[in-house]
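Okay, here's what each chain looks like letter by letter:
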Amino acid sequence: MCTRISPESQGMAVKKLEKRLFGTNGVRGIVGKDMTPDLVLSIGLALGSMRKGRIAVGRDSRTSGESLANAVKAGLMAAGCDVVDCGMLPTPALQYLVMHHFDGGAMITASHNPPEYNGVKIIEPDGTEMGDEQTLLLEERIFSRNFDVKSWEQVGSGTTATQLVNDYTDAIIRSVPENIGRNMSVVVDPGCGAASVTTPKILTGLGCRVFSINAQVDGHFPGRLPEPSLDGLKGLADLVRSTGSAFGVAHDGDADRAVFVDENGRFIEENQEFALVADHICRKHPGVVVTPVSSSLLVETIVKKHGGSVVYTPVGSIYVARTMRDLLEKGETVVFGGEGNGGLIFPDHQFCRDGGMTATVMVAILAGSDLPLSTLIDQLPVFHMIKEKIRIAHPEHLIELLAESCKAYHIDRTDGLRITKGDAWALVRPSGTEPLVRVMVESAVPDSARKFFQELMDYISPVLKHE
Ligand code: MG
């Protein structure tokens, strides 16, 4: 049986803190309803009151991006910050630029949400997203309107530097051997999002022959929704087949995530993508891989095969990124991290999910292999996962009841309840935004997964009847 190490058991307190406005990935809402210029101006004023110096602002391709970017810039400048507008670019590109050139950043994005949404992500000077404790201070300033508004001689300046995005694309191209993608055809589907301006350029820079679909910037997202889910990727799959390409890559709206189809146009499940990349990295450099408790055991199985180990965190890329950085500071060899949703973090590059970098690593994997992507995926061990969403008014009662019912099994409370029973494990986790719990059960043995899922449902069903 595999031992699961959580940051807590290593003496690291990575705990989620409840926030009023910001979620796991910044603040988001429907434009004109809950996401208004007033709110974004307040965020700019609050951030400018907390962080001084040069602040970078960027946005994804949404129709409301320019308006909201101007609102956050106005707040930052009024609070005395010098603002540099980096224009439209992926979130990881802005994070990279902040890490190298700025004292902080604000990204106007709603990531994978539909076109009517937008939001703000705050970037710290080291390029990571703002953590819970600082975000709570930021929220406190917004709600109490505690802003450090400057007088005329201290107001900040505003400039534009849209060419800076080239630093990011150049760094990714330089991270692998020159022309590593020669003789390889690939297809890119940025979904009309921010990666339209970066990923085709990166892959061309690697020497690949690049085809693209939905690669024109358009905030109406006419080709597909910003979430790169299976149903939206038929065009990508068709183009991969008709061009004889080695793979197809698709991004979400702000391109911190990348998902793939193989040379036959078959969608690669994101945990398999994660495991394939972990295999590539740990084969050469076995070390610590960091991932949330929701990731498939497939990842741990691959990492351990090469002599590495896995550290688990609460669900959310910020917890993964910060745990990676903290472990490195403690002298651990952290080689890779990420989530089972196509959001992968390469610590030699930066501490955030990066879709452009992920596409580049896929080119490197295939350039170093005689086998096509479909075969590499088929060679991975198979795990069976069952997922269910349960609507319930008081998820916390259900969690406690399950903890009691399953006390004979191994329970980890890094995020929700992670229960290990023999060769199966389950994660039962309340949603952060809706009155529901998510249940996932997984095992290499299909029958073990089914039986454990049924056992959990037998505990859960009577509670639902009394709701
Ligand atoms: Mg995203």
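Below you will find a few notes about this structure.

Calculation criteria
- Residues numbered from 1 in each chain as written.
- Predicted model: local features only at pLDDT ≥ 70, side-chain atom pairs only at ≥ 80, totals over all residues.
- Heavy atoms only, no water.
- Helix = DSSP H or I, 4+ residues; strand = E, 2+ residues; numbered from the N terminus.
- Rg over C-alpha atoms; globule rule 2.2 N^0.38 Å.
- Buried < 20%, exposed > 50% of the residue type's maximum accessible area, 1.4 Å probe, protein only.
- Contact = heavy atoms within 4.5 Å.
- Areas by Shrake-Rupley, 256 points an atom, 1.4 Å probe, with all protein chains shown as cover.
- Pairing = 2+ DSSP bridges.
- Donors = N, O, S within 2.8 Å, 3.2 Å for Na, K, Ca; no water.
- Expected span 1.5 Å × (residues − 1).
- Axes fitted to C-alpha atoms, helices over the stretch in contact; angles between N-to-C directions.
- Parallel < 35°, antiparallel > 145°, perpendicular 65-115°, else oblique.
- Left-handed = near helix turned anticlockwise from the far one by under 90°.
- Nonpolar A, V, L, I, M, F, W, Y, C, P; charged D, E, K, R; others polar.
- Salt bridge = Lys/Arg side-chain N within 4 Å of Asp/Glu carboxyl O.
- Polar contact = N/O pair within 3.5 Å; in protein donor to acceptor, adjacent residues only side chain to side chain.

The next thing to look at is the overall build of the protein. Within the protein, the regular secondary structure consists of 14 helices and 19 strands. Computed over the C-alpha atoms, the radius of gyration of the protein is 22 Å, within 12% of the 23 Å expected from 2.2 N^0.38 for a compact globule of 467 residues. Its C-alpha atoms put the protein at 70 × 55 × 45 Å along the principal axes. Within the span of the protein, comprising 467 residues, buried residues form 57% of the whole. Long-range contacts, defined as pairs at least 24 residues apart, comprise 71% of the intrachain contacts of the protein with a sequence gap of at least 6. As presented, the protein carries roughly 18,700 Å² of accessible surface, and 51% of it is formed by carbon and sulfur atoms.

The subject of this paragraph is the pairing of strand β18 (residues 424-430). For β18, a buried count of six out of seven residues is recorded, marking the element as mostly surrounded by other parts of the structure. Across five bridges, the pairing between strand β17 (residues 417-421) and β18 is antiparallel. Each residue of the ladder has a partner; that of Thr420, found in β18, is Trp425. Once β17 ends, the chain turns through two residues before running back antiparallel as β18, passing Gly422 with a positive phi of about 60 degrees. Relative to strand β19 (residues 436-443), β18 runs antiparallel, the two being bridged by seven bridges. Bridging across to β19, Arg429 finds its partner in Arg438. Between β18 and β19, which pair antiparallel in sequence order, lie five residues.

This next bit is on the coordination of the magnesium ion. Around the magnesium ion, the protein supplies Ser111 (OG), Asp252 (OD), Asp254 (OD) and Asp256 (OD) as donor atoms, at distances of 2.0 to 2.2 Å. Sequence positions of the residues that donate to the magnesium ion give the spacing S-x140-D-x1-D-x1-D. Accessibility assignment for this pair places Asp254 and Asp256 in one class, buried.

With that settled, the discussion passes to the environment of Val187. In this fold, Val187 is placed in strand β7 (residues 185-189). In this structure Val187 comes out as buried when scored by relative accessible area, which is 0%. Counting along the chain gives 157 residues from Val187 to Ile30, while the straight-line C-alpha distance between them is 32 Å. Setting aside residues up to four positions removed in sequence, Val187 forms contacts with Phe211, Ile213, Leu236, Leu239, Val240, Thr243, Ser245, Phe247, Gly248 and Val249.

Okay, helix α14 (residues 446-465) next. The terminal C-alpha atoms of α14, which comprises 20 residues, lie 28 Å apart, in line with the 28 Å expected from a rise of 1.5 Å per residue. When α14 is considered as a whole, its buried residues turn out to be Ser448, Ala449, Phe452, Phe453, Glu455, Leu456, Met457 and Ile460. Tucked into the core, α14 has its buried residues touching β15 (384-391), α13 (395-405), β17, β18 and β19.

This part takes up the sheet that holds strand β3 (residues 82-88). Reading across from one edge, β1-β5-β4-β2-β3-β6 is the order of the six strands in this open sheet, with mixed pairing throughout. Single-partner strands in this sheet number two, and they are β1 (27-30) and β6 (158-160). Neighbour to neighbour, the strand axes of the sheet diverge by 20 degrees on average, direction disregarded. Judged from the four bridges that link them, strand β4 (residues 104-108) and strand β5 (residues 117-123) form a sheet pairing that is antiparallel. Its bridge partner being in β5, Gly105 is matched across the sheet by Ile123. Docked against the sheet, helix α1 (residues 37-50) engages β1, β4 and β5, running at close to 0 degrees with respect to β5.

In this section: the packing of α13 against α14. The interhelical angle for the contact between α13 and α14, taken along N-to-C directions, is 140 degrees, at an axis separation of 10 Å. When the interaxial angle is binned, α13 and α14 end up oblique. The two elements α13 and α14 meet at a crossing, and its hand is right-handed. Where α13 approaches α14, its residues Leu398, Leu401, Leu402 and Ser405 are matched on the opposing element by Leu456, Tyr459, Ile460 and Val463. Taken together, the residues that form the contact of α13 with α14 break down as seven nonpolar, one polar and no charged.

A few words on the pattern of salt bridges. Within the structure shown, the criterion is met by 28 salt bridges. One salt bridge connects Glu66 with Arg59, and the closest N-O pair in it is separated by 3.1 Å. It is possible to trace a salt-bridge network through shared partners that takes in Lys121, Glu129, Asp254, Asp256, Glu339 and Arg353.

With that settled, consider the sheet that holds β7. In a beta sheet, neighbouring strands are held together by backbone hydrogen bonds and run either parallel or antiparallel to one another. Taken in spatial order, the four strands make up an open sheet running β8-β7-β9-β10, and their pairing is mixed. Sheet topology places β8 (209-212) and β10 (258-261) at the edges, where each strand pairs with a single neighbour. Pairwise comparison of adjacent strand axes, ignoring direction, gives a mean angle of 25 degrees for this sheet. In terms of strand pairing, strand β9 (residues 247-251) meets β10 through four bridges, oriented antiparallel. Paired with Val249 across the two strands is Phe260, which belongs to β10. Packing against the sheet, helix α7 (residues 234-243) makes contact with β7, β8, β9 and β10, and its axis sits at approximately 165 degrees to β7. Of the strands in this sheet, β9 and β10 are in contact with helix α11 (residues 355-367), which crosses β9 at around 170 degrees.

This part is about α11. Relative to the 18 Å expected for 13 residues at 1.5 Å per residue, α11 spans 18 Å between its end C-alpha atoms, a close match to the ideal helical length. Those residues of α11 lying buried are Gly355, Gly356, Met357, Thr358, Ala359, Thr360, Val361, Met362, Val363, Ala364, Ile365 and Leu366. Its side-chain oxygen placed 3.1 Å from the backbone nitrogen of Gly356, Asp354 serves as the N-cap of α11.

Another aspect to go through is the pairing of β17. Within β17, four of the five residues are buried, leaving the element largely enclosed by the surrounding structure. Alignment of strand β16 (residues 410-412) against β17, held across three bridges, turns out to be antiparallel. Looking across to β17, one finds that Asp412 is bridged to Arg418. Where β16 folds back onto β17 in an antiparallel hairpin, the turn is made up of four residues, including Gly416, whose phi is positive at roughly 65 degrees.

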